[in-house]
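Working through the structure, step by step
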Amino acid sequence: MPNRIVISEIGGPEALKYVGYTLPNRPKKDQVRIKHSSIGLNYIDTYHRSGLYPLPKDLPVCPGLEAAGEILEIGSNVDGFKVGDKVCYAGGPLGAYCEIRDFPALHLIKLPQSISDETASSMLLRGMTVEYLFERLYKIKKDEHILFHAAAGGLGLVASQWAKSVGCKMIGTVSSEEKARLAKDNGCEHIINYKKENVVERVKELTDGKGVSVVYDGVGKDTFELSLQSLGFRGMFVSFGQSSGMPPKVNLHKTFNPKSLYYTRPTLMHYTSTREELEASSKTLFNKITDGEVTENIFSKFKLKNASSAHSLLQSRQAMGSIILKP
């Protein structure tokens, strides 16, 4: 009997339980059965566990949106995949925290031989997130200053490398000197330790008082005002997460009108909603990895049964890089 993690009730990391389960005799006609070899841990997983993002009403629910592994069986209507293929995914439906699962072939990506399972599970979701943030939502440019919060996290390190490959001068915020060195080593042009420096004043110094053209904010409540004040005229505020809590409610006119700012709250699923978008995004990422422009930064590995400890580490903000779960 395979094992998985389930959320039986909304709560903290202790709400994650390791249990056995059974699978149907065969996958549905449009699905494939995958044996996971590596599972990605992402901040959105903590939102599902805590109830910030609502779960289906019928608990328990297996969380997780990212994993890599090998196809064991294919449904009768599946084309383009075969038993033995190495594959990965980064998106719904929930259920990645398990040893074996059935997954829709429509959302599955074939993994190039040159890219390992651990690399895929540690950065597919983050890498495709950076792809749409930097290449499609707002096209970053050579010599342009941008601001990215949490530059030493798993996503921030991918962003640092991606920006460097473009020649973009990314300004990254961090909370320690150790994290500052890591972000710098990964290509972040300018580092601001928000524990010691005034973020807004430092951004203005680096941009000759103009502010940045775009801020990428995955932190939320704690950085909302800093992001607003760091933007230049007609700048774009990209709010793609809220690890510190939901941003405050604002008066739209008073908040965004003084500098004619743009505000967007995007999600990866809306930028990979078609098969064509999914394949194009993953191909761009895989090319970056193959060319050596983006590499994985795996901070820690946990056994799947210890997922609660992995969640605690992630939410402590002590992780410098990505965390993966091993079945």
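Details of the structure are given in the entry above.
Let me begin by describing the structure that accompanies this report. (Residues numbered from 1 in each chain as written. Predicted model: local features only at pLDDT ≥ 70, side-chain atom pairs only at ≥ 80, totals over all residues. Heavy atoms only, no water.)

**A word on the overall build of the protein**
Here is the rule: Runs of H or I in DSSP of at least four residues are treated as helices and runs of E of at least two as strands, each being numbered from the N terminus. The reference for a compact globule is 2.2 Å times residues^0.38; the radius of gyration itself is calculated from the C-alpha atoms. Each residue is assigned to one of three classes by its accessible area relative to the maximum for its type, calculated with a 1.4 Å probe on protein chains only: buried under 20%, partly exposed between the two thresholds, exposed over 50%. In this description, contact between two residues means that some pair of their heavy atoms is separated by no more than 4.5 Å. Each accessible area is a Shrake-Rupley result for a 1.4 Å probe, and residues are judged covered by the shown protein chains and nothing else. By the counting scheme adopted, Arg and Lys are positive, Glu and Asp are negative, and His together with the chain ends is not counted. The location of each charge is read from NZ of Lys, CZ of Arg, CG of Asp or CD of Glu.
Within the protein, the regular secondary structure consists of ten helices and 15 strands. Computed over C-alpha atoms, the radius of gyration of the protein comes to 20 Å, within 12% of the 20 Å expected from 2.2 N^0.38 for 327 residues, which places it in the range of a compact globule. For the protein, the C-alpha atoms occupy an extent of roughly 65 × 40 × 40 Å along the three principal directions. Across the 327 residues in the protein, those meeting the buried criterion constitute 54%. Across the protein, contacts joining residues at least 24 apart in sequence account for 69% of those joining residues at least 6 apart. Summed over its atoms, the accessible surface of the protein is roughly 14800 Å², and 50% of this surface lies on carbon and sulfur atoms. Charged side chains in the protein number 42 positive and 35 negative. The centres of these two groups are separated by 2 Å.

**Things to note about the pattern of salt bridges**
The following threshold applies: For this analysis, a salt bridge means a side-chain nitrogen from Lys or Arg found within 4 Å of a carboxyl oxygen belonging to Asp or Glu.
Under the counting rule described, the total for this entry stands at 17 salt bridges. Of the charged contacts in the structure, one is a salt bridge between Arg275 and Glu279, with a shortest N-O distance of 2.9 Å. One end of the pair, Arg275, and the other, Glu279, are both in helix H9 (residues 275-290), four residues apart, so they sit about a helical turn from each other. On the accessibility criterion, Glu279 (43% relative accessible area) is partly exposed.

**Some thoughts on the packing of aromatic side chains**
Using the following cut-off: Pairing of aromatic rings covers Phe, Tyr and Trp, the last through its six-membered ring, and needs centres within 6.5 Å; plane angles under 30 degrees mean stacked, over 60 mean edge-to-face, and all others mean tilted.
What the rule picks out here adds up to eleven aromatic pairs. Their ring planes at 45 degrees and their centres at 5.8 Å tell us that Phe148 and Phe240 sit as a pair that is tilted. Here Phe148 is found in strand S8 (residues 145-148), whereas its partner Phe240 is found in the loop between strand S12 (231-239) and helix H7 (252-256), with 92 residues between them in sequence. A network of ring pairs unites the aromatic residues Phe134, Phe148, Tyr216 and Phe240 as a single cluster.

**As for the nonpolar core**
Using the following cut-off: To form a nonpolar core, buried Ala, Val, Leu, Ile, Met, Phe, Trp, Tyr and Cys residues must be joined to one another through side-chain atoms within 4.5 Å.
The biggest cluster of nonpolar side chains holds 46 residues, and the ones touching the most others in it are Phe134 and Tyr216. No other element matches helix H2 (residues 117-137), which puts ten residues into this core. Residues in contact with Tyr216, not counting those within four places in the same chain, are Leu133, Phe134, Tyr138, Ile140, Ile146, Leu147, Phe148, His149, Val238 and Phe240.

**Looking at empty space enclosed by the protein**
Here is the rule we go by: Cavity means a closed set of points on a 1 Å grid over the protein atoms alone, one where a 1.4 Å probe fits but cannot get out, pocket means an open set with protein on both sides within 12 Å along at least 5 of 7 lines, and lining means a residue has an atom within 4 Å of a point. Grid points are joined across faces, edges and corners, and a volume is the space filled by probe spheres set on the points. Throughout, the ten residues Ala, Val, Leu, Ile, Met, Phe, Trp, Tyr, Cys and Pro are labelled nonpolar, Asp, Glu, Lys and Arg are labelled charged, and all others, Gly among them, are labelled polar.
Applying the stated criterion to the full structure yields one cavity of 30 Å³ or more. Roughly 50 Å³ of volume is contained in the largest cavity. Together, Ser122, Met123, Arg126, Gly154, Leu157, Val158, Thr295, Glu296, Asn297 and Ser322 line the largest cavity. Elements represented by at least two residues in the lining of the largest cavity include exactly H2 and helix H3 (154-166). Its residues assigned to classes, the lining of the largest cavity comprises three nonpolar, five polar and two charged.

**Let's talk about H3**
Quick note on the threshold: To estimate the expected span of a helix, subtract one from its residue number and multiply by 1.5 Å.
In a regular helix each residue adds 1.5 Å, so 13 residues correspond to 18 Å; H3 covers 19 Å between its end C-alpha atoms and thus fits that length. In terms of burial, H3 is a largely internal element, ten of the 13 residues being buried. Following H3 by one or two positions, Gly167 adopts a phi angle in the positive range, close to 90 degrees.

**Quick look at H9**
Applied cut-off: What the arc measures is the spread of directions leading from the helix axis to the C-beta atoms.
With 16 residues, H9 ought to run about 22 Å at 1.5 Å a step, and its terminal C-alpha atoms sit 22 Å apart, in line with that. Those residues of H9 that fall on the buried side of the exposure criterion are Leu278, Ser281, Ser282, Leu285, Phe286, Lys288 and Ile289. For H9, the arc enclosing every buried residue in end-on projection is 155 degrees, short of the 170-degree limit, so these residues lie on one face. Turned more than 90 degrees from where H9 packs its buried face, Glu276, Lys283 and Thr290 sit exposed. Those residues of H9 that are buried are in contact with strand S5 (86-90), strand S7 (109-110), H2 and H3. Once H9 finishes, Gly292 follows within two positions and takes phi at roughly 80 degrees, a positive value.

**A closer look at the layout of surface pockets**
When its volume is computed, the largest pocket comes out at roughly 1100 Å³. Taken together, 44 residues make up the lining of the largest pocket; nearest its centre are Tyr43, Leu155, Gly218, Phe240 and Ser243. If you list the elements that add at least two residues to the lining of the largest pocket, you get helix H1 (43-50), H2, H3, strand S9 (169-174) and helix H8 (268-271). Of the residues belonging to the lining of the largest pocket, the class tally is 23 nonpolar, 16 polar and five charged. When its volume is computed, the second largest pocket comes out at roughly 360 Å³.

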